[in-house]
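Residues per chain, in single letters:
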Amino acid sequence: MSQAQSKEYYERFFQARIEDLHKEGRYRVFANIERMVGKYPKALFRTEDGVEKEIAIWCSNDYLGMGHHPVVIDAVCDAVRKNGAGAGGTRNISGTTNHHIALEKELADLHDKEAGLLFSSGYVSNESAIGTLAKLMPDCVIFSDEMNHASMIQGIRQSGCEKYIFRHNDLKHLRSLLDSVERCRPKMIAFESVYSMDGDIAPIEEICDIAEEYGALTYLDEVHAVGMYGSKGGGIADQRGLMNRLDVIEGTLGKAFGLMGGYITASQAIVDVVRSYAPGFIFTTALPPAILSGALASVRHLKTANDLREKHQERAAMLKQILTQRGIQIMDTETHIVPVMIGDPRICKQTSDILLERFGIYVQPINYPTVPRGTERLRLTPSPFHTDEDMRYLADCLKKVLPAAKPVRLVRQVA
Ligand SMILES: *Cc1c(COP(=O)(O)O)cnc(C)c1O
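Keep in mind that this is a model prediction, so the values were computed, not measured.

Caption draft 1: Representation of the sheet that holds strand β4 (residues 115-119) within the structure. Strand order in the open sheet formed by seven strands is β4-β10-β9-β8-β7-β5-β6, and the pairing between neighbours is mixed. For this open sheet the edge positions go to β4 and β6 (162-166), each flanked by a neighbour on one side alone. Neighbour-to-neighbour, the strand axes of the sheet open up by a mean angle of 20°, direction not taken into account. Taken together, the four bridges between strand β9 (residues 248-252) and strand β10 (residues 262-266) define a ladder with antiparallel strand orientation. The partner of T252 across the bridge, within β10, is G262. Helix α4 (residues 98-110) contacts β4 and β10 of the sheet and is inclined by roughly 125° relative to β4.

Put into structure tokens, the structure is as follows:
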């Protein structure tokens, strides 16, 4: 008779999996950052020994600084004083408040849809909505852009449906995959507007045309565009006047809106079916009033904040210009996302470490599985609050650090 595994076996096993990550140079270390209201992009960094140091954040997804906006902070504080800390239950059992209803209505309006539905996060909204909608349709086939976010991939897996991955933004490939499937089968095309790691934008209109031709539902993740693009911050589909052509528009309250939570907006029937069937919506405690109240204030504020949106774009353009002038190679993007390609996990991490420790610049290394292997990068996200001076300092520091990191790559290749 063989022996049962010991406790040590499990410990050793998991330790070895961590070792794998160290060997590949992609073990993740989180920087301990304390953001301070009114100081963004400056913040406090704490080393493991508890030493505090002022640094500048260059990789926040609180793209417009709304997490610190007085309108948002007031709304959060008012709601917590008035309504308390938690929602007190799932949406079904005592957890639905007026805050939920008001925000869902506001989000539906933001995207010109009949209805909205809140989730604990953008991740959960993608996983739940894609998973549920596709699973409910018999014989459904999903067509998914190869660069789609992990949460969409998880939703597709959960649906158990047949899936086809089309090459990134490749309409021809999408079309040929659609051609390979019986016309009568229900279909869903899942894609993003702004791809967060490359900063490029999907051909939304063309994908909608194709979807119409083949009778497919369209599911668009606008997580990296909501609040920042369009006449009222509805995202790229808003900016391009395409919102009515999309069946589901998904977004987050955690990035440009500055808080946390996710949502979908769609027709009444689609929202009602997800509300009624999605386990990730049903079996979890509702978002708390304070978050919702802050999010409502943020969404409303950004609906008319075209000046802030313009400033954000102007700052991103300036950063690209300053970096390019200093000879720093950036990926050419049409958005606020400015990636500096490194192409090696160790060099990427090392560059980031030096920037933080020596120069007080915080930009987290982006390694696999967030991006494909060999495309490791630093992903800069300028905000309306990064000044020319901040940018010139960043450029100078990158200039010093980037070439210095190169020899490591050679050593590694020889070894
Ligand atoms: C961050 C992100 C999500 C998840 O949103 P959270 O609210 O952070 O869970 C979904 N889709 C994309 C493309 C993202 O980058």
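Caption draft 2: View of the sheet that holds strand β3 (residues 52-57). If you walk across this open sheet you meet the four strands as β1-β2-β3-β12, and the pairing is mixed. Strands with a single pairing partner mark the edges of an open sheet, and in this sheet they are β1 (32-35) and β12 (361-362). Relative to β3, strand β2 (residues 42-46) is paired through five bridges, and the arrangement is antiparallel. Note that in β3 the partner of A43 across the bridge is I55.

Caption draft 3: The arrangement of empty space enclosed by the protein in detail. Enumeration according to the criterion identifies one cavity of 30 Å³ or more in this entry. By volume, the largest cavity is sized at about 80 Å³. In terms of lining residues, the largest cavity is bounded by R91, H100, L118, F119, S120, G280, F281, T284, T285, A286 and L287. The set of elements that each furnish at least two residues to the lining of the largest cavity consists of β4 and α11 (279-282). Its residues assigned to classes, the lining of the largest cavity shows five nonpolar, five polar and one charged.

Caption draft 4: Fine view of the layout of surface pockets. Each pocket or cavity is described by its volume, and for the largest pocket that value is around 1400 Å³. R28, Q364, P365, I366 and T370 are, among the 47 residues lining the largest pocket, the residues nearest its centre. Broken down by secondary-structure element, the contributors of at least two residues to the lining of the largest pocket are β1, β2, α6 (150-159), α14 (345-359), β13 (365-366) and β14 (377-380). The dominant element in the lining of the largest pocket, judged by the number of residues it contributes, is α14, at five residues. Residues that form the lining of the largest pocket fall into these classes: 20 nonpolar, twelve polar and 15 charged.

The rules we used
Residues numbered from 1 in each chain as written. Predicted model: local features only at pLDDT ≥ 70, side-chain atom pairs only at ≥ 80, totals over all residues. Heavy atoms only, no water. Pairing = 2+ DSSP bridges. Helix = DSSP H or I, 4+ residues; strand = E, 2+ residues; numbered from the N terminus. Axes fitted to C-alpha atoms, helices over the stretch in contact; angles between N-to-C directions. Contact = heavy atoms within 4.5 Å. 1 Å grid on protein atoms, 1.4 Å probe; cavity = no way out; pocket = protein on both sides within 12 Å on 5 of 7 lines; lining within 4 Å. Points joined across faces, edges and corners; volume = space filled by probe spheres on them. Nonpolar A, V, L, I, M, F, W, Y, C, P; charged D, E, K, R; others polar.

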